[in-house]
Amino acid sequence: MAKIKYVLAFLISCSVLVGCASVPTDPVEAELYHQVNDPLEPMNRTIFAFNQATEKAILRPVAKGYRFVVPQLVRNSIGNFFSNLKQPVYFLNALLQGEVKDAGIILGRFTLNTIWGVGGLFDIATEAHIASPTHDFGQTLAKWFWSGDGGPYLMLPILGPSDVRDAVGRGVDALAEPATWVVEPEIWYAGWALDKLETYTRSMDLLENLEKSSADYYATLRTMYRQNSAKRNGTAKETASAGQAKPAYEADFSDIDWEDDE
Amino acid sequence: MKKICALICAVIMSFSVMAASNPAIDFVDNLADDIITNVLTADVTPEQKLEKFRAAFTQAVDLKSVGQFVLGVYWRKASEEDKQAFLEAFTDFTTKTWADRFNMYSGQSILFSGVRNAERNQFYVDSQIEDKEPVEVVWRLRQKGDSYKIIDIIIEGVSMAMSYRNEYSAVLQQNGGNVQALVEELRKKSAAFDVQKAK
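Source: prediction; values computed, not measured. (Residues numbered from 1 in each chain as written. Chains lettered and ligands numbered in written order. Predicted model: local features only at pLDDT ≥ 70, side-chain atom pairs only at ≥ 80, totals over all residues.)

Novice: Would you mind going over the nonpolar core in detail, with residue names and values included?
Specialist: Residues Val-70, Val-125, Leu-141, Ala-161 and Leu-182 of chain B are the most contacted members of the largest nonpolar core, which totals 49 residues. With near-sequence residues (within four places) excluded, Ala-161 of chain B lies in contact with Ala-251 of chain A together with Val-66, Phe-69, Val-70, Ile-151 and Asp-152 of chain B. In terms of nonpolar packing, the next biggest core, distinct from the first, is built from 8 residues, Val-36, Ile-47, Tyr-153 and Met-155 of chain A among them. (Core = buried A, V, L, I, M, F, W, Y, C linked by C-beta atoms within 7 Å. Buried ≥ 20, exposed ≤ 12 C-beta atoms within 10 Å, placed from the backbone. Contact = placed C-beta atoms within 7 Å.)

Novice: Which residues make up the interface of chain A and chain B, and what are the values?
Specialist: Contacts between the two partners involve 27 residues from chain A, matched on the other side by 34 residues from chain B. Taken together, the elements giving at least two residues each to the side of chain A that touches chain B come down to helix H2 (27-36), helix H11 (185-212) and helix H12 (217-232) of chain A. With 8 residues, the single largest contributor to the side of chain A that touches chain B is H12 of chain A. A per-class count over the side of chain A that touches chain B returns 13 nonpolar, 7 polar and 7 charged. (Helix = DSSP H or I, 4+ residues; strand = E, 2+ residues; numbered from the N terminus. Nonpolar A, V, L, I, M, F, W, Y, C, P; charged D, E, K, R; others polar.)

Novice: Please set out the sheet that holds strand E1 (residues 110-117) of chain B residue by residue, giving values where relevant.
Specialist: All names here are of chain B. One open sheet holds the 5 strands; their spatial order is E1-E2-E3-E4-E5, and the pairing between them is antiparallel. Two strands in the sheet have a free side with no partner beyond their single neighbour: E1 and strand E5 (158-159). As paired elements, strand E3 (residues 135-144) and strand E4 (residues 147-155) share 8 bridges and run antiparallel to each other. Bridging from a neighbouring strand, Arg-140 pairs with Asp-152 of E4. (Pairing = 2+ DSSP bridges.)

Novice: Give me the lowdown on the environment of Gly-150 of chain A, citing residues and values where you can.
Specialist: Residues and elements named next belong to chain A. Within the secondary structure, Gly-150 is located in the loop between helix H8 (137-144) and strand E1 (153-156). For Gly-150, a count of 26 C-beta atoms within 10 Å puts it in the buried group. Between the alpha carbons of Gly-150 and Arg-165 there is a distance of 4.8 Å; along the sequence they are 15 residues apart. Sequence-distant contacts of Gly-150, defined by excluding residues within four places in its chain, comprise Asp-163, Val-164, Arg-165, Asp-166 and Ser-229.

Novice: I'd love a proper account of the pairing of E3 of chain B, names of residues and values included.
Specialist: Regular strands place side chains that alternate from one sheet face to the opposite one. Residue and element names in this part refer to chain B. Across 8 bridges, the pairing between strand E2 (residues 122-129) and E3 is antiparallel. Bridge pairing in E3 links Tyr-124 to Arg-140. Two successive antiparallel strands, E2 and E3, enclose a turn made up of 5 residues. Here E3 folds back onto E4, and the loop between the two strands holds 2 residues, one of which, Gly-145, carries a positive phi near 65°.

Novice: I'd love a proper account of unusual backbone geometry, names of residues and values included.
Specialist: Residues and elements named next belong to chain A. Backbone geometry places Asn-37, a non-glycine residue, at a positive phi of 45°. When the 18 C-beta atoms within 10 Å are taken as the criterion, Asn-37 is described as partly exposed. The backbone of Val-118 sits at a positive phi, close to 50°, despite the residue not being glycine. By the secondary structure assignment, Val-118 is in the loop between helix H6 (100-115) and helix H7 (124-127).

Novice: Explain helix H7 (residues 160-174) of chain B to me, and be specific about the residues and the numbers.
Specialist: Residue and element names in this part refer to chain B. Between the first and last C-alpha of H7 there are 21 Å, a value that for 15 residues agrees with the 21 Å anticipated at 1.5 Å per step. Here H7 lies mainly inside the structure; 12 of its 15 residues are buried. Within H7, the full set of buried residues consists of Met-160, Ala-161, Met-162, Ser-163, Tyr-164, Arg-165, Asn-166, Glu-167, Tyr-168, Ser-169, Ala-170 and Leu-172. Phi turns positive, to about 65°, at Gly-176, one or two residues after H7. (Expected span 1.5 Å × (residues − 1).)

Novice: Now, about H11 of chain A: what can you tell me, with residues and values included?
Specialist: Residues separated by three or four positions in an α-helix point in the same direction, a consequence of the helix having 3.6 residues per turn. A rise of 1.5 Å per residue sets the reference length of H11 of chain A, with its 28 residues, at 40 Å; its end C-alpha atoms lie 37 Å apart and thus fit the reference within 8%. At Met-204 of chain A, H11 of chain A shows its maximal bend, which comes to roughly 55°. (Bend = angle between axes of the 7 residues up to and from the residue.)

Novice: Lay out the environment of Gly-79 of chain A in plain terms, naming residues and giving numbers.
Specialist: Of note, Gly-79 of chain A is situated in helix H4 (residues 72-85). Each C-alpha atom, one on Gly-79 of chain A and one on Lys-196 of chain A, is 9.6 Å from the other, the two residues being 117 residues apart in sequence.

Written out as structure tokens, the structure is:
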């Protein structure tokens, strides 16, 4: 996979150029620093600036044109098609995670959509109210070897927010995808780009709102990524006292002076 | 024997009625209905829409407590004036951004699946917004007398309160804990929203 080599080389050269963030001396700030676990922040912010420039100059105009030109029904089929292609990898990961029931659902969904949904162009399974569980290799790692927060936060070029565990998982999933071996590289890249374009077009408006509503967009995406990742990977933080898993979103409001509580 | 049957039936029925209408669920359900019928689908100008949303939003969400949580360690260090200025800017800005988010609503229905006790007088209301890919939304409520206030909204595991807190901590960290600078930034962002809307 030459692609991965280039990405790695790019990341390494960036980190050499920009350097690492230094640990703050103030105890409050030091705690925050460890909480966000983003030692590569200077490099990540540089990549993020590059991503945002690319998004504004290329991705967003293309997505707007795409949304304007391509009919919704066709777009649905494009989304369905690529989503269907990911099912074999989800299936493998569900098995690796011991989620036999989900593996069965995924296999059923894939069979149904591939045969009766004309090669995945129509999502008959969802119309029949069959659930659509997703299992990636990042989750497999989280389940067996790598609990907790997935290591330092990473901003990947073009791909966006990630962490070390998720980045490794993505690489493994990409290698495991049957289309990677079967299809010519040019077609694979074109398909990959179309898939990303469709995904981006769906969330474009929400992302625009998110950017407008953030005082620090980078920090917003980072915390959202971390919280969502804790949910997806089932690695919600443990409470110190009971040792019992708590949902990651359990914000600690115990310091608040409630108005009516005097 | 008949009497006992009737009694058992009555008990079972009262349970099922209780399960169906929990006051915390009703609160969120009514709020969603109110916003959908009186704001989102109402036939009024965008300005009136924002004002109506502001009234409903600031009434339902305990922005004062959320604002305090969001500033975190910086709240205690801030002066009274800074706290006041922050709460005002935060309220104004979140109202606008959430109004914009609610405007993306396109007829999805919301299903409630239950209520969990959080702390003393706090509850999590679990819900799902029906869409092609359903979205899991948890509403964290705090009971106040016989009414409720929202103190957090958790969408697909992402807590809004925690997100604001993490984000604003990052901003404050960059400018040495200066709350006024954060307030300025929020005002600027809020004004940018008006400009965009006017276009």
